[in-house]
Amino acid sequence: MNYKEIAQETLNIEAQTLLDSAKNINDVFERAVDIILACKGKLVITGVGKSGLIGAKMAATFASTGTPSFFLHPTEALHGDLGMISKEDVVIAISYSGESEELSSILPHIKRFKTPLIGMTRDRNSTLGQHSDIVIDVVVKKEACPLDIAPTSSTTLTLALGDALAVCLMRARDFQKSDFASFHPGGALGKQLFVKVSNLMQSKNIPIVKEDTKVKDAILKISEGRLGTVLVVDADDKLIALVSDGDIRRALLQDDFSLEENVLKYATKNPMTCEDENMLASQALVLVEEKKIQLLVITDKNKKIKGVLHIHTLIEKGIS
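In this report, we go over the structure that sits alongside the text.

How each quantity is defined
- Residues numbered from 1 in each chain as written.
- Predicted model: local features only at pLDDT ≥ 70, side-chain atom pairs only at ≥ 80, totals over all residues.
- Heavy atoms only, no water.
- Buried < 20%, exposed > 50% of the residue type's maximum accessible area, 1.4 Å probe, protein only.
- Helix = DSSP H or I, 4+ residues; strand = E, 2+ residues; numbered from the N terminus.
- Arc of directions from axis to C-beta.
- Contact = heavy atoms within 4.5 Å.
- Polar contact = N/O pair within 3.5 Å; in protein donor to acceptor, adjacent residues only side chain to side chain.
- Pairing = 2+ DSSP bridges.
- Axes fitted to C-alpha atoms, helices over the stretch in contact; angles between N-to-C directions.
- Phe/Tyr/Trp six-rings, centres within 6.5 Å; stacked < 30°, edge-to-face > 60°.
- Patch = residues over 30% accessible without salt bridge, like charges linked within 9 Å, V, L, I, M, F, W, Y side chains within 5 Å.
- Areas by Shrake-Rupley, 256 points an atom, 1.4 Å probe, with all protein chains shown as cover.
- Salt bridge = Lys/Arg side-chain N within 4 Å of Asp/Glu carboxyl O.

Examining helix H2 (residues 27-37)
No. 1: Looking at H2, one finds that the buried residues are Val28, Phe29, Ala32, Val33 and Ile36. Each buried residue of H2 lies within a common arc of 145° when the element is viewed along its axis, so the set occupies one face. In H2, the exposed residues that point more than 90 degrees away from the buried face are Asp27 and Glu30.
No. 2: Lining the buried residues of H2 we find strand S1 (43-47), strand S3 (90-94), strand S4 (117-121), strand S5 (134-137) and helix H7 (153-172).
No. 3: Sitting at the amino-terminal end of H2 is Asn26, which places a side-chain oxygen 3.0 Å from the backbone nitrogen of Val28.

The following block contains the structure:
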């Protein structure tokens, strides 16, 4: 049995389903977007079984992209949770056949509230289709399942149509990265879109020495600072150089190395700095990696030191 060919066939069937559906997008889809945009309440998604699982994912996508939304299971709705739906809400009900018993039971009650109902089904003449104000067609020529029974192509299409609705709504609302970040303060997404340099930089106990400092004293400061680096400032406390433990190791190989020398002899002059502490930490990581440095010094426009950001801090905090 060639599993590679089976996998390829499955993906090709589902991909063709999506392409066929893309050609059939019409004014009904645009009306659905307009109805949701005009919603003053929440977007409620409901469905049973596989459709319910897809609906739950859709609700999560809508909620995280600027459309307040939640998933309501039809069975729970019949036992009291129907009260979660208000007249100002919009309901998307999902059933491929359009005849799911549990879903069909709550449709008359939704209509009694005069809540706009968007149906997602293959059959406009089904119970769901007849109760819906508009119907988004979920029509597939063939399920990817070899028995043409298990929801495969149909669930993939339903999920993709939900994504298409969400993307249309994002475009209509001019939903930006900053908006997305506000809904994702934690996790990898939040770290990329929300955490700034100011949130992670060290602003206290920074190892700093004056420009007339001797190497031996600078080495002690490097050890105390635990950053592997000491910053060198002039008489006006402006950054002029830095010395890393790597600089010291390389200096040790020189024949004229002396602990009594001025630290500037072995320092890196005019080191890489950043004047924007509101820069995203993910952007700072890109900068650090491009310049192949371990420590980014944050200064003001006058080169006065405000803080330092070590590459290890970025990595430990999961910035990528």
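That shown, we press on.
Details of the pairing of strand S12 (residues 305-310)
No. 1: Direction of pairing for strand S11 (residues 295-299) relative to S12: antiparallel, over a ladder of five bridges. Bridged to Ile298 within S12 is Gly307.
No. 2: Joining the antiparallel neighbours S11 and S12 is a turn of five residues, in which Lys303 adopts a positive phi near 70°.

Looking at the sheet that holds strand S6 (residues 208-210)
No. 1: The four strands are arranged S6-S7-S8-S9 in an open sheet whose pairing can be described as mixed. Two strands bound the open sheet, and with one partner strand each, they are S6 and strand S9 (268-269).
No. 2: Taken together, the two bridges between strand S8 (residues 239-244) and S9 define a ladder with antiparallel strand orientation. Each bridged residue has a counterpart across the sheet, and for Leu242 the counterpart in S9 is Thr268.
No. 3: With respect to the sheet, helix H11 (residues 215-225) is in contact with S6, strand S7 (229-233) and S8, its orientation differing from that of S7 by roughly 125°.
No. 4: Helix H12 (residues 245-252) contacts S8 and S9 of the sheet and is inclined by roughly 65° relative to S8.

Quick notes on unusual backbone geometry
No. 1: A positive phi angle, near 55°, is found at Asp174, a position not held by glycine.
No. 2: Here Asp174 lies in the loop between H7 and helix H8 (177-183).
No. 3: One non-glycine residue, Asn205, lies in the positive phi region at around 55°.
No. 4: Residue placement: Asn205 occurs in the loop between helix H10 (197-200) and S6.

Focus on the packing of aromatic side chains
No. 1: Throughout the structure, instances matching the rule amount to one aromatic pair.
No. 2: Between the aromatic rings of Phe257 and Tyr266, the centroid separation amounts to 5.4 Å while the plane-to-plane angle is 40°, which identifies the pairing as tilted. Considered together, Phe257 and Tyr266 belong to a single accessibility category, that of buried residues.

Overview of a nonpolar patch on the surface
No. 1: On the surface, Met1, Tyr3 and Ile6 cluster together into a nonpolar patch covering about 410 Å² of accessible area.
No. 2: Judged by relative accessible area, which is 37%, Ile6 ranks as partly exposed.

Notes on H11
No. 1: Of the residues making up H11, those classed as buried are Val215, Ala218, Ile222 and Gly225. Down the axis of H11, the sector holding all buried residues measures 85°, keeping them to one side. Exposed side of H11, more than 90 degrees from the buried face: Ser223 and Glu224 are the residues found there.
No. 2: Positive backbone phi, approximately 60°, marks Arg226, located one or two places after H11.

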